[in-house]
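# Structural characterization, general
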Amino acid sequence: MAQTVDGRKARGDRRRHEIIKATLRVIERDGVAGVTHRTVAREAGVPTTSTTYHFASLEDLLVETLKWCADGFAIAVRDLVERARIRGSQGAREVAEMLVEALGPQRGRTMAEYELYLFAARRPALRPAARLWLDVLTSLVQHDDEVAFRAFLAGIDGLLMQGLIDDDPPTVNELQPVVAYLMRGRAGTAADR
């Protein structure tokens, strides 16, 4: 009997995950305003009752989507830190590569995530989920200067926003010196190449 319950739970978890991924695709295509239980259900290929079963309100659905995005970001940052460690670099190239990915192949997703973050500014209940990525960075990246770290984060946000409105995505070579500068002026050092 326990296996049946575990199987149902696993199917439910998979369905929930598919609904969250479908929500992000709807936001990518139609913006946050396009998110309804019906549009998400259609995108996920499930009945509307399934979306309302797993997420009673749209706010619940958006909060979980924000959390899922933050979790994905945590994995990307962990990978970035590991790549920098393996290369023996300070991380400027790895951050530039991540930005290029976010503004090139992942542009739609990046735009959807930013739209979610901005939407959270108007919805107090969503703000803790939107701030998760800052918590993730703070926990994963060692820094000894809080002001410099905050300036770095603000600079990265700015580069992403500028990249989203640019006609052509930037290249790693264009971004690396800017990122290195944000990382306390390390541009041009051998460790960042």
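All values derive from a computational prediction rather than experimental measurement.

Quick notes on the rules
- Residues numbered from 1 in each chain as written.
- Predicted model: local features only at pLDDT ≥ 70, side-chain atom pairs only at ≥ 80, totals over all residues.
- Heavy atoms only, no water.
- Helix = DSSP H or I, 4+ residues; strand = E, 2+ residues; numbered from the N terminus.
- Contact = heavy atoms within 4.5 Å.
- Lys, Arg positive; Asp, Glu negative; His and termini not counted.
- Charge placed at Lys NZ, Arg CZ, Asp CG, Glu CD.
- Core = buried A, V, L, I, M, F, W, Y, C linked by side-chain atoms within 4.5 Å.
- Buried < 20%, exposed > 50% of the residue type's maximum accessible area, 1.4 Å probe, protein only.
- Phe/Tyr/Trp six-rings, centres within 6.5 Å; stacked < 30°, edge-to-face > 60°.
- Salt bridge = Lys/Arg side-chain N within 4 Å of Asp/Glu carboxyl O.
- pLDDT = per-residue confidence, 0-100.

Here the focus is the overall build of the protein chain. Of regular secondary structure, the protein chain possesses ten helices and zero strands. Element order for the protein chain, N to C, with α for helix and β for strand: α-α-α-α-α-α-α-α-α-α. Overall, the protein chain is about 60 × 40 × 30 Å in size when its C-alpha atoms are taken along their principal axes. Sequence separation of at least 24 residues holds for 67% of the intrachain contacts in the protein chain that already meet a minimum separation of 6. When the 27 basic and 27 acidic side-chain charges of the protein chain are each reduced to a single mean position, those positions are 6 Å apart.

Moving on to the nonpolar core. Formed by 47 residues in total, the largest nonpolar core has its most connected members in Leu66, Leu99, Ile156 and Val179. Among residues more than four places away in sequence, those in contact with Leu66 are Leu116, Tyr117, Ala120, Leu126, Ala129 and Ala130.

Here we come to the environment of Arg107. Residue position: Arg107 is located in helix H6 (residues 107-122). Residues Arg107 and Ala84, spaced 23 residues apart in sequence, show a C-alpha to C-alpha distance of 23 Å.

Here the focus is the packing of aromatic side chains. The description of an aromatic ring pair rests on the distance of the ring centres and on the angle between the ring planes. According to the stated counting rule, one finds one aromatic pair in the structure shown. Pairing Tyr114 with Tyr117 gives two aromatic rings, centres 6.1 Å apart and planes at 90°, and the pair type is edge-to-face. Taken together, the residues span about one helical turn, with Tyr114 and Tyr117 both in helix H6 at a distance of three residues. The class of Tyr114 is buried, set by a relative accessible area of 13%.

Pairing is possible between side chains that carry opposite charge, provided their charged atoms lie close to one another. Per the counting criterion, the structure on display carries 13 salt bridges. Residues Asp30 and Arg29 are paired through a salt bridge, measuring 3.1 Å at the closest nitrogen-oxygen approach. Residue classification places Asp30 among the partly exposed positions, given a relative accessible area of 42%. For the salt bridge of Glu59 with Arg123, the shortest nitrogen-to-oxygen distance reads 3.9 Å. Note that Glu59 is positioned in helix H4 (residues 58-87) and Arg123 in the loop between H6 and helix H7 (127-130), a separation of 64 residues in sequence. On the accessibility criterion, Glu59 (31% relative accessible area) is partly exposed. Judged by relative accessible area, which is 35%, Arg123 ranks as partly exposed. Several salt bridges converge on common partners, so that one network encompasses Arg25, Arg29, Asp30 and Glu43.

Right, let's get into the side chain of Thr65. Tracing the chain through its elements places Thr65 in helix H4. Leaving out residues up to four positions away in the same chain, Thr65 has contacts with Ile20, Thr23, Leu24 and Leu116.

Turning to its location among the elements, Thr39 is positioned in helix H2 (residues 37-44). Beyond its immediate stretch of four places on either side in the chain, Thr39 contacts Val26 and Gly34.

What follows covers the confidence of the model for the protein chain. Summing up the model confidence of the protein chain, the mean pLDDT is 86 and the portion of residues at 70 or higher is 92%. Mean pLDDT in the protein chain bottoms out at helix H8 (residues 132-140), which sits at 75, and peaks at H2, which reaches 97. Note on residues 185-193: pLDDT under 50 across the span, and 21 contacts to partners over four residues away in sequence or across chains.

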